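# Fold and contact review
Take a look at the letters that make up each chain.
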Amino acid sequence: MKIGFIGAGKVGFSLGKYFAEHDVHVSGYYSRNLDSSKEAAIFTKSNYYINLEDIVKESDILFLTVTDSSVPQVYSEILKYDIRGKIIAHCSGAMTSEVFSGISQKGAYGCSIHPICAVNSKETGYQDLSQAYFTIEGEEQGKLAALLKRCGNKTEFLSAEYKIAYHCAAVYASNLVIALYEQASTMLKNCGLSQEFSQKAFLPLFEQNCKNIVKKGTKASLTGPVERGDEETLRKHLSILSPKEKVVYKELSKGLLSLAESKNQERNYEGLHNLLEEG
Ligand SMILES: NC(=O)c1ccc[n+]([C@@H]2O[C@H](COP(=O)([O-])OP(=O)(O)OC[C@H]3O[C@@H](n4cnc5c(N)ncnc54)[C@H](OP(=O)(O)O)[C@@H]3O)[C@@H](O)[C@H]2O)c1
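The notes below deal with the structure included here. Chains are numbered independently. Their residues run from 1 in the order of the written sequence. In view of the model being predicted, local features appear only for residues whose pLDDT reaches at least 70, and side-chain atom pairs are presented and counted only at 80 or more, with totals across whole chains, interfaces and linings using the full set of residues.

Elements are defined by DSSP. Helices are runs of H or I of four residues or more, strands are runs of E of two residues or more, and each kind is numbered from the N terminus. Topologically, Tyr29 is positioned in strand 2 (residues 26-30). Residues Tyr29 and Asn47 lie 18 residues apart in sequence; the distance between their C-alpha atoms is 6.4 Å. C-beta atoms are placed from the backbone for every residue, and two residues are taken to be in contact when these atoms lie within 7 Å. If near-sequence neighbours (up to four positions away) are discounted, Tyr29 is found in contact with Phe5, Ala8, Gly12, Ser37, Ala40, Ala41, Ser46, Tyr48 and Tyr49.

Below is the structure:
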């Protein structure tokens, strides 16, 4: 099974190197810029292609690791060639395999494979992939799951109808947390603390919190004023927040409250409920 990559960016580099390291045959790369294809080929000890037709011909699975917005255009170019029996995959977390319209008439199979991982470097991204879970949506799921299992990854199949909700969930677990951390740093700076202190002081807390969640789950990791039912502290917090900040604080606290209630069923959280529902 030979795997070709169209798009030699962060994910193309990283998946190619990762597969090659697990003795999966990587045919090589075709990218918009020839230099990117050449660099990726050197990095993965594979080939580079100067035209699309050749990589299509020499690959059984084609990963379209281009930006999401380029997937339809690259797919329409691929359709000019003979793709019978081939699997065409993209790695977008938000798009489904429905972007590969008319693929069955061409005798090929379309799917989307999403590594749940922040790949932020061409050079080192592959190292993080061994820990990554993958979702597979579309056709030939079994073959792709077997390929990833061979590399040691956990996979699950995802139905196309859930792809947006799934991607939104990933944003909650990663991107939105960055916004929360940024808010916390800004608040420290506003307390008169230095820039450096404000950016770094919460890192051990942040890191420990992540480790606790990974190890023990969300409920067992819960600490803080909501869990304690400390209405007075929450009231003081709300008194210093802007109206917009209050909305976010209250909504997130409601999420914590429902965790706290299922954790400490003997406690009475009625006061907190009322406070968080106040207009
Ligand atoms: N990065 C992540 O953390 C991550 C995680 C999961 C999934 N994904 C998904 O993985 C895919 C790739 O993302 P990425 O982060 O690797 O993006 P990226 O680093 O921007 O790489 C995309 C590459 O595609 C090439 N390209 C763009 N348009 C092209 C075209 N028309 N024909 C041929 N090559 C083209 C560009 O290559 P040149 O250098 O040749 O211009 C660029 O380097 C996206 O679908 C993304 O949603 C990303």
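In this analysis, residues qualify as near a molecule or strand once their C-beta atom, positioned from backbone atoms, comes within 6 Å of it. Lining the immediate environment of the ligand, one finds 27 residues, of which Gly7, Gly9, Val11, Ser31 and Ser36 sit closest. At three residues, helix 1 (residues 10-21) tops the list of elements feeding residues into the shell around the ligand. Its residues assigned to classes, the shell around the ligand shows 10 nonpolar, 14 polar and three charged. Put simply, Ala, Val, Leu, Ile, Met, Phe, Trp, Tyr, Cys and Pro go in the nonpolar bin, Asp, Glu, Lys and Arg in the charged bin, and everything else, Gly too, in the polar bin.

All right, on to the pairing of strand 2 then. Counting buried residues along strand 2, five of its five residues qualify, which places the element largely inside the surrounding structure. Following DSSP output, two strands are said to pair if at least two bridges run between them. Across four bridges, the pairing between strand 1 (residues 3-6) and strand 2 is parallel. Bridged to Gly4 within strand 2 is Gly28. Classification remark: right-handed applies to a crossover when, strands pointing away from the viewer, the course from the first strand over the helix to the second runs clockwise. Handedness of the crossover joining strand 1 and strand 2 through helix 1: right-handed. Comment: burial labels come from other C-beta atoms within 10 Å of the residue's own C-beta, placed from the backbone, where a count of 20 or more is buried, 12 or fewer is exposed, and between is partly exposed.

Turning to the environment of Gln141, a few remarks are in order. Mapped onto the elements of the fold, Gln141 is located in helix 6 (residues 141-150). According to the C-beta neighbour criterion, Gln141 is partly exposed, with 18 such atoms within 10 Å. In the structure, Gln141 is positioned 14 residues away from Thr155 in sequence and 9.8 Å away in space, judged by C-alpha atoms. Apart from residues no more than four positions distant in its own chain, Gln141 is found in contact with Cys111, Ile136 and Phe157.

A word on helix 1. Look at helix 1: 17 Å from first C-alpha to last across 12 residues, which is about the 16 Å you get at 1.5 Å a residue. Of all 12 residues making up helix 1, nine are buried, and the element is well covered by its neighbours. What helix 1 keeps buried is the set Val11, Gly12, Phe13, Ser14, Leu15, Gly16, Lys17, Tyr18 and Phe19. Those residues of helix 1 that are buried lie in contact with strand 1, strand 2, helix 2 (34-44), strand 4 (61-64) and helix 5 (125-128). Following helix 1 by one or two positions, Asp23 has its phi on the positive side, about 60°. What a helix is expected to span follows from its residue count: subtract one and scale by 1.5 Å.

Everything listed here is a matter of geometry and, on its own, says nothing about what the molecule does.
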